[in-house]
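Observations on the three-dimensional arrangement
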Amino acid sequence: DNNKEHACVYFLPIYAPGHLISMLEVAKGILQCNSTPSNTISIHILLTQPENSDKASPVSSYLQSLQTENLPIHLHPLPFVEPPHQFHCIEDFVTSHIRLYLPHIKAALSASPSPVSGLVVDMFASNVISVANELNIPTYIYFSSTATFLSLTLHLSSLQGKKDPINFSEVEEEICIPGLMPIPSKSMPDPLLDMKSASYKCFMYHAHRYIEAKGFIINSNIHIETKAVEALTQGVTDQLRPGTKFPEIYPVGPVISFGKSNVQEHECLQWLDRQPAKSVLFLCFGSMGAFDMSQVRQIAIGLEQSGHRFLWVLRMPNTEFLRGSIDANLEILPEGFVERTKGRGLVWPSWAPQIDILSHQAIGGFVTHCGWNSILESLWFGVPMIPWPLYAEQHLNAFMLVNEIHVAVKLEVDRKNKGFVSAMDLKQAIKQLMDPGSEEGIRTRVRVEEMMSACRKAVQRGGVSSVYLQKLAAELGKV
Ligand code: UDP
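For clarity, every value in this text was computed on a predicted model and none was experimentally measured. (Residues numbered from 1 in each chain as written. Predicted model: local features only at pLDDT ≥ 70, side-chain atom pairs only at ≥ 80, totals over all residues.)

This brings us to the overall build of the protein chain. A tally of helices and strands in the protein chain yields 17 helices and 16 strands. By the compact-globule yardstick of 23 Å for 479 residues, the protein chain fits well, its C-alpha radius of gyration being 22 Å. Structurally, the protein chain occupies a C-alpha span of about 65 × 55 × 45 Å along its principal axes. Taking the intrachain contacts of the protein chain between residues at least 6 apart in sequence as the baseline, contacts between residues at least 24 apart amount to 73%. (Helix = DSSP H or I, 4+ residues; strand = E, 2+ residues; numbered from the N terminus. Rg over C-alpha atoms; globule rule 2.2 N^0.38 Å. Contact = placed C-beta atoms within 7 Å.)

Structure representation (structure tokens):
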């Protein structure tokens, strides 16, 4: 239709699977909403690729599959920019790297074939707002984590303003943020543990910029995080300055990438096919989770003594900074462990098809590092959890799972001792969740099944998240 106007929506993800994939799933969702109205939307993705991107990495294979889907999605790889050599923490590294890309981002936006109706940027790319403002383009922050973490971030300066800088790992107190459940200091996200740290300052910087955005797109919804979503809807923050308006919020979650499953033959799934319904505990720790030898032994003992069936994705730390985990060598397992647990346990030493595993009827529980994507996937398939937080905001997520959403049983994680978990504590948590007679296990399972149906309804036509996505698509369709 020639009368239709054409809007270009730009996306700037960072090159990390937990951030990029769900962000681009939102892009696809926007296109689906936009199939009939008067304006058409095309999606343009600005890509900050590493110099030698591994073709088999989750991000690369996701981007390759996007291009085969025949959608109006165009990839624009930005010129390579040498990563910063000096940085204080990973958040600072990512933020500084994006800053070095700004001239290229500006050039790409300026070269757009049609008017740019919006720019959606990763939560660590808020410095792009300055460029977008110069070009009069409204910016939306894609927050791939929780509404709770966003609320907390938006209150960092008043937390800091109150008293001397606190190191939360050294105090016992509750952090009270308007509209949120009080957060115990030991559940504060890693980067926010110490007010004097570079990572805390980095989040303060982003919070300060966030408020200039037109909107927040959040991978959550009012059923999962009732209080935090309400607080954000009411614009509760300490960041508002004269002349600024609190950004619109679009809680569109859960946004999950189901992929095109051709993994039917995967060994893990074949093995699960031979297990009874809801009998297997799944252990998987995200794209970067890995343990040292002594911790691996404790896990093995805990699993063996629990008596339950398990599928354990075991990976080892990579010594190179920022590269995450690498495939494990099964020789690090205690002697005889594999033989003794043969038939009831499988250790998988490499990347596993997590979505397909969680959707399998044999899965009865999930020991998770509490990456937000993993949590949403578990809710989607109604799998109750045992939280074992490792990095980023995962300790806060773990706290929410147990105390607010009630879809997990607690595991004792010793944060003062590198996050150590003893075999006995692991065994106890497993039994609480998986033993057929365990009341807590039954309660948790009932609750997670309620969340499963709430999440599925939310994204169906007319559901709470779907309505927000429609609203966003309508906004972005305007030129
Ligand atoms: N994942 C997977 N196989 C693995 C490990 C992770 O498919 O062996 C997927 C998982 O399903 C999720 C993503 O990788 O979609 C990890 O994202 P999350 O936010 O949970 O954690 P992060 O890796 O960002 O810490």
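So much for the structure itself; the text now carries on.
Next up on the list: the environment of Leu411. Looking at the secondary structure, you find Leu411 in the loop between helix H14 (394-403) and helix H15 (423-434). For Leu411, a count of 22 C-beta atoms within 10 Å translates into the label buried. Residues Leu411 and Glu212, 199 residues apart in the sequence, show an inter-C-alpha distance of 39 Å. Those residues in contact with Leu411 that sit more than four places away from it in its chain are Ile386, Pro387, Trp388, Val421, Asp425, Leu426 and Ala429. (Buried ≥ 20, exposed ≤ 12 C-beta atoms within 10 Å, placed from the backbone.)

Here we come to the sheet that holds strand E8 (residues 215-218). Read from one edge to the other, the open sheet built from seven strands follows the order E3-E2-E1-E4-E5-E8-E9, with strand pairing classed as parallel. Each edge of the sheet is formed by a strand with only one pairing partner; in this case those strands are strand E3 (73-77) and strand E9 (248-251). When strand polarity is set aside, the average angle formed by the axes of neighbouring strands in this sheet is 20°. Pairing of strand E1 (residues 6-12) with strand E4 (residues 116-122), which is carried by five bridges, proceeds in the parallel orientation. Looking at the pairing, Cys8 lines up with Val116 of E4. (Pairing = 2+ DSSP bridges. Axes fitted to C-alpha atoms, helices over the stretch in contact; angles between N-to-C directions.)

The subject of this paragraph is the site of the ligand. Around the ligand, 17 residues are found, and the nearest of them are Gly18, Ser287, Gln354, Gly371 and Ser374. Those elements that provide at least two residues to the shell around the ligand are helix H1 (17-33), helix H12 (354-358) and helix H13 (372-380). In terms of residues, the shell around the ligand owes the most to one element, H13, which gives four residues. Here the shell around the ligand is built from residues that sort into nine nonpolar, seven polar and one charged. (Near = placed C-beta within 6 Å. Nonpolar A, V, L, I, M, F, W, Y, C, P; charged D, E, K, R; others polar.)

Below, the discussion takes up the packing of helix H3 (residues 90-110) against helix H7 (residues 198-210). Axis separation between H3 and H7 bottoms out at 8 Å; the angle between their running directions is 45°. Taken together, the axes of H3 and H7 lie oblique to each other. Contacts between H3 and H7 involve Glu91, Asp92 and Thr95 from the former and Ala198, Ser199, Cys202 and Phe203 from the latter. A breakdown of the residues in the contact of H3 with H7 according to their chemical character gives three nonpolar, two polar and two charged. (Parallel < 35°, antiparallel > 145°, perpendicular 65-115°, else oblique.)

The next thing to look at is the nonpolar core. Residues Phe11, Tyr142, Ile217, Phe282, Leu311 and Ile386 are the most contacted members of the largest nonpolar core, which totals 138 residues. In this structure, Ile386 is in contact with Gly365, Val367, Ala408, Val409, Leu411, Ala429, Ile430 and Leu433, ignoring residues within four places of it in sequence. (Core = buried A, V, L, I, M, F, W, Y, C linked by C-beta atoms within 7 Å.)

This part covers the sheet that holds strand E15 (residues 363-368). One open sheet accounts for five strands, arranged E14-E11-E10-E15-E16; its pairing is parallel. Every interior strand has two partners, whereas the edge strands, strand E14 (345-348) and strand E16 (385-387), have only one. The average undirected angle you get between the axes of adjacent strands in this sheet is 15°. By the bridge criterion, four bridges tie strand E11 (residues 309-313) to E14 in an arrangement that is parallel. Looking across to E14, one finds that Trp312 is bridged to Val347.

Bringing the pairing of strand E5 (residues 139-143) into the picture now. Where burial is concerned, most of E5 is hidden: five out of the five residues are buried. Residues of E5 alternate between two faces, with Thr139, Ile141 and Phe143 on one and Tyr140 and Tyr142 on the opposite face, all of them buried. The pairing of E5 with E8 spans four bridges and is parallel. Opposite Phe143, over in E8, you have Ile218 as the bridge partner.

Turning to H1, a few remarks are in order. In this model H1 runs 24 Å from its N-terminal to its C-terminal C-alpha over 17 residues, within 8% of the 24 Å that 1.5 Å per residue would give. Taken together, the buried positions of H1 are occupied by Pro17, Gly18, His19, Leu20, Ile21, Ser22, Met23, Leu24, Val26, Ala27 and Ile30. (Expected span 1.5 Å × (residues − 1).)

Here we take up the environment of Leu376. Tracing the backbone shows Leu376 in helix H13. With 20 C-beta atoms counted inside 10 Å, the residue Leu376 sits in the buried group. Sequence separation between Leu376 and Asn219 is 157 residues; the distance between their C-alpha atoms is 8.9 Å. Among all residues touching Leu376, those that are not within four sequence positions of it are Asn219, Gly253, Pro254 and Ile256.

As a further point, take the environment of Thr146. Relative to the elements of secondary structure, Thr146 occurs in the loop between E5 and helix H5 (147-153). Judged by the 24 C-beta atoms lying within 10 Å of it, Thr146 is buried. Sequence spacing of Thr146 and Ala228 is 82 residues, and the spatial spacing of their C-alpha atoms is 8.6 Å. With near-sequence residues (within four places) excluded, Thr146 lies in contact with Ser220, Glu225, Ala228, Trp372 and Asn397.

Counted at 1.5 Å a residue, the expected span for helix H10 (residues 293-306) with its 14 residues is 20 Å, and the 20 Å between its end C-alpha atoms agrees. Of all the positions in H10, only Val296, Gln298, Ile299, Ala300, Gly302, Leu303 and Ser306 are classed as buried. Considering only its buried residues, H10 is in contact with E11, helix H11 (337-340), E14 and H15. One or two residues past the end of H10 sits Gly307, with phi positive at roughly 80°.

Right, let's get into the pairing of E15. Among the six residues that make up E15, six are buried, leaving the element largely enclosed by the rest of the structure. As judged from the three bridges shared by E15 and E16, these two strands associate in the parallel manner. For Phe366, the partnering residue across the bridge sits in E16 and is Met385. Taking the sense of rotation as the criterion, the β-α-β connection linking E15, H13 and E16 turns out right-handed. (Right-handed = clockwise from strand over helix to strand, strands pointing away.)

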